[in-house]
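Below are the chains, spelled out letter by letter.
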Amino acid sequence: VVRRRLLQRYEHQPFISCLAGFYSCRWKRYQRKRTEPGKCCCNVVNELKISTDMDFSFCLSLVFLYTWGEGKNDYNGFDWYNYGNLGFWFLWSLVILIVAAVLFAYTSLLLVLAMCLLAEGQQLYLHWSHKIGTFLVLGFTISSLFALSILWRDHRKTVRLSFQVTAPYLHLGAIAIMVLLSWPVALHAIRADKKVIQVIIVGPYLAILLFLFLIPLGMYSPCIREKGTLGPKPALIGHRGAPMLAPENTEMSFLKTIEHGGDGLETDVTISYDGVPFLMHDDTLRRTTNIHEVYPNETGKAASLFSWDSLQKLNAGTWFLKNKPFLGMGPLSKADQKQAMNQSIYTLSGFLRLADSHNKLVIFDLYRPPEKHPYRNLWIRKILDVIVKETKIKRHLVLWLHNSVRSFVQSVAPGFQHTMGRKAPIEDLLKHNIVKLNLVYTDMSSEDIRKYAEANITTNFYVVNEPWLYSLAWCSGAHSVTTNAVHLLKDISQPLFLMTPQQYNIMWILTDLTSAFLISLIFAL
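The rules we used
- Residues numbered from 1 in each chain as written.
- Predicted model: local features only at pLDDT ≥ 70, side-chain atom pairs only at ≥ 80, totals over all residues.
- Heavy atoms only, no water.
- Helix = DSSP H or I, 4+ residues; strand = E, 2+ residues; numbered from the N terminus.
- Rg over C-alpha atoms; globule rule 2.2 N^0.38 Å.
- Buried < 20%, exposed > 50% of the residue type's maximum accessible area, 1.4 Å probe, protein only.
- Domains from an automatic or database assignment.
- Salt bridge = Lys/Arg side-chain N within 4 Å of Asp/Glu carboxyl O.
- Polar contact = N/O pair within 3.5 Å; in protein donor to acceptor, adjacent residues only side chain to side chain.
- Nonpolar A, V, L, I, M, F, W, Y, C, P; charged D, E, K, R; others polar.
- UniProt positions renumbered as here; feature names shortened; annotations may be inferred.
- Disulfide = S-S within 2.5 Å.
- Phe/Tyr/Trp six-rings, centres within 6.5 Å; stacked < 30°, edge-to-face > 60°.
- Lys NZ or Arg CZ within 6 Å of the ring centre and 35° of its normal.
- Contact = heavy atoms within 4.5 Å.
- Core = buried A, V, L, I, M, F, W, Y, C linked by side-chain atoms within 4.5 Å.

Q: How do you make sense of the overall build of the protein chain when you look at a structure like this?
A: Assigned secondary structure in the protein chain consists of 21 helices and nine strands. The globule rule puts the C-alpha radius of gyration for 525 residues at 24 Å, and the 30 Å found for the protein chain is more than 25% above it. Judged by the C-alpha coordinates and their principal axes, the protein chain covers about 100 × 55 × 40 Å. Looking at the protein chain residue by residue over its 525 residues, the buried ones come to 48%.

Q: Please clarify how the domain arrangement of the protein chain should be interpreted in this entry.
A: Reports often express the size of an interface as the amount of accessible area lost when the parts come together. Taken domain by domain, the protein chain consists of domain 1 (32–151) and domain 2 (235–490). Centre-to-centre, using C-alpha coordinates, domain 1 lies 41 Å away from domain 2. Counting across the interface, domain 1 meets domain 2 through zero salt bridges. For the pair domain 1 and domain 2, the interface holds six residue pairs in polar contact (both at pLDDT 80 or more). The element that contributes the greatest number of residues to the side of domain 1 that touches domain 2 is helix α4 (residues 75–86), accounting for five residues. A class-by-class count of the residues in the side of domain 1 that touches domain 2 yields six nonpolar, four polar and three charged.

Q: Explanation requested: the side chain of T134 in the structure shown.
A: Following the sequence through the fold, T134 ends up in helix α6 (residues 128–151). Relative accessible area serves as the criterion here: at 3%, T134 is assigned to the buried category.

Q: So what exactly am I meant to see when it comes to the UniProt feature "transmembrane region" (unreviewed entry) in the protein chain here?
A: Using the residue numbers shown here, the UniProt feature "transmembrane region" (unreviewed entry) corresponds to residues 89–120, 132–152, 172–190, 197–220 and 506–524. Along residues 172–190, the helical share is 100% and the strand share 0%, with 27 Å between the first and last C-alpha atoms. Between the first and last C-alpha atoms of residues 197–220 the distance is 38 Å; the span itself is 75% helix and 0% strand.

Q: Help me understand the environment of Q122, please; the structure alone is not making it clear to me.
A: With respect to the element layout, Q122 can be found in the loop between α5 (92–119) and α6. Placed 370 residues apart in sequence, Q122 and I492 show a C-alpha to C-alpha distance of 52 Å.

Q: Please clarify how the state of the cysteines should be interpreted in this entry.
A: Defined simply, a disulfide is a covalent bond joining two cysteines at their sulfur atoms. Summed over the entire model, instances satisfying the criterion amount to one disulfide. Note on C18: no disulfide assigned, nearest cysteine sulfur contributed by C116 at a separation of 11 Å.

Q: How should I be thinking about the packing of aromatic side chains in this particular structure?
A: Two numbers describe a pair of aromatic rings. These are the distance of the centres and the angle of the planes. Evaluation of the coordinates by the stated rule reveals 22 aromatic pairs. Centroid distance F64 to F140: 5.9 Å. Interplanar angle 85 degrees. Geometry classified as edge-to-face. One end of the pair, F64, is in helix α3 (residues 45–70); the other, F140, is in helix α6, with 76 residues separating them in the sequence. By relative accessible area, which is 31% here, F140 ends up partly exposed. Between F90 and W92 the ring centres are 4.9 Å apart and the planes differ by 65 degrees, which places this aromatic pair in the edge-to-face class. Within the aromatic cluster, the residues linked to one another by ring pairs are W80, Y83, W89, W319 and F320. In this arrangement the basic side chain of K301 is found over the ring face of F306, its NZ or CZ atom lying 4.6 Å from the centre.

Q: What am I meant to see in the side chain of H130 here?
A: Within the secondary structure layout, H130 lies in helix α6. Within the structure, H130 has its side chain in polar contact with the backbone oxygen of F22 (distance 2.8 Å). When residues no more than four places from it in sequence are discounted, the contact partners of H130 are F22, Y23, Y106 and L110.

Q: How should the nonpolar core be read in this particular structure?
A: Core analysis: the largest hydrophobic core is formed by 29 residues, its most contacted members being L429, M444, F461, L469 and Y470. Contributing elements (two or more residues each) for this core: α7 (154–191), α17 (426–431), β7 (436–440), α18 (446–454), α19 (467–476) and α20 (486–489). Broken down by element, the residue count for this core peaks at six residues, all from α19. In this structure, M444 is in contact with L161, I449, F461, L469, L472, A473 and S476, ignoring residues within four places of it in sequence. Counting residues in each nonpolar core, the second largest holds 28 residues, with L265, L279, Y346 and V409 among its members.

Shown next, in the form of structure tokens:
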């Protein structure tokens, strides 16, 4: 007891006390043990296993944070998917992003504390609360990554695409981490009294470092290109208008797209029970109207089974002000709020007249009415009548996407720009007079874009919201993109991460040489 009191009184080590206190809850000097030369940093096998689990938790939490962070382009779709299943609106994507960041910060802090303790020659003993936390992080990240791979398979393609843009900078970050790790690795290797132990410690570290030094040899990015080879900026087509600024598929939404310089307008068309084509993406009216107030007993009824008179009684804008459907939406002006509150369901004829008056391209998905609908077998003809006879929009502005009756459409309404919604052999596309492909962005390939362009077939990718993804589309040679964020992407003057091969080689060589010098210096000291 006397010795412990003397140690507490005369051997204060505030820095080590803080490190050990936060890591293992051992705030007192006599509670800690130093690592003897040649001995392991962990005094029992269980502690060594815990340290390994902590390393895995850190790596998996980093992978999950990067994976989910790069999926921001699709957060809106994820949140609406949950709305359809849960019945209420909430920004679940933001919650998951915050949780991922917190878990990564927590595991990073534990690793930093462990490395500092190792540098001070202290034995590692993780407190039981941190052991539980580490296992929870491990379990959560593994289950989340597994769920993403099963439920959101296209997300893996998004991550792979992101590597084409971020890989040079991820490489830079990985090298920086290896430089930081060289300090505890060198200290632990020097304290080992056997050559075998030193090889076991230093060998894997050097192998990983060599791999990172050479990995740029196999790296590809369309944004690393010679000057003068970059194509024109992709045109911007407003996805249901400008749904980050106004309620989707409303007149206000399309006006906002036009106001911000959009080159085209995208929408979804269905047909009412009495034959009026109108704009609606969902099967029901529950998400984007106040049907629960006007027709509370018919919220699950198909939108196409309502008459146009009934549809006109619904408000199509109040939901937007209430739910704020996009992450990072800025505040609306009072004038915009008032305008949004007075939006109603928009007709196809009104949409086409608006596009024609501003000389904007139009592209739309067509939804066939359900069985027993009076226009189930006449819906295409009815829609063509609105396009050709009622609104008389300039035909070259229409990107005709629907594929089932393409030959009929070409015969009765020549002049449309016929568009295919999937990849196909060039011979088949030319045979059907296809001039444009409308593809999901996860199908983006600079090689395919170039191949189709040589046959005078342009490509449009949907839905592209994030600047990095728009930059990748630009570098890959895409002709246009469909986006929710016309107001943001219009201000991008050149692709992000754009550099010449010479600039990248200089960055790569300087990074490797600088890191090699610093690591050698640390091991020598």
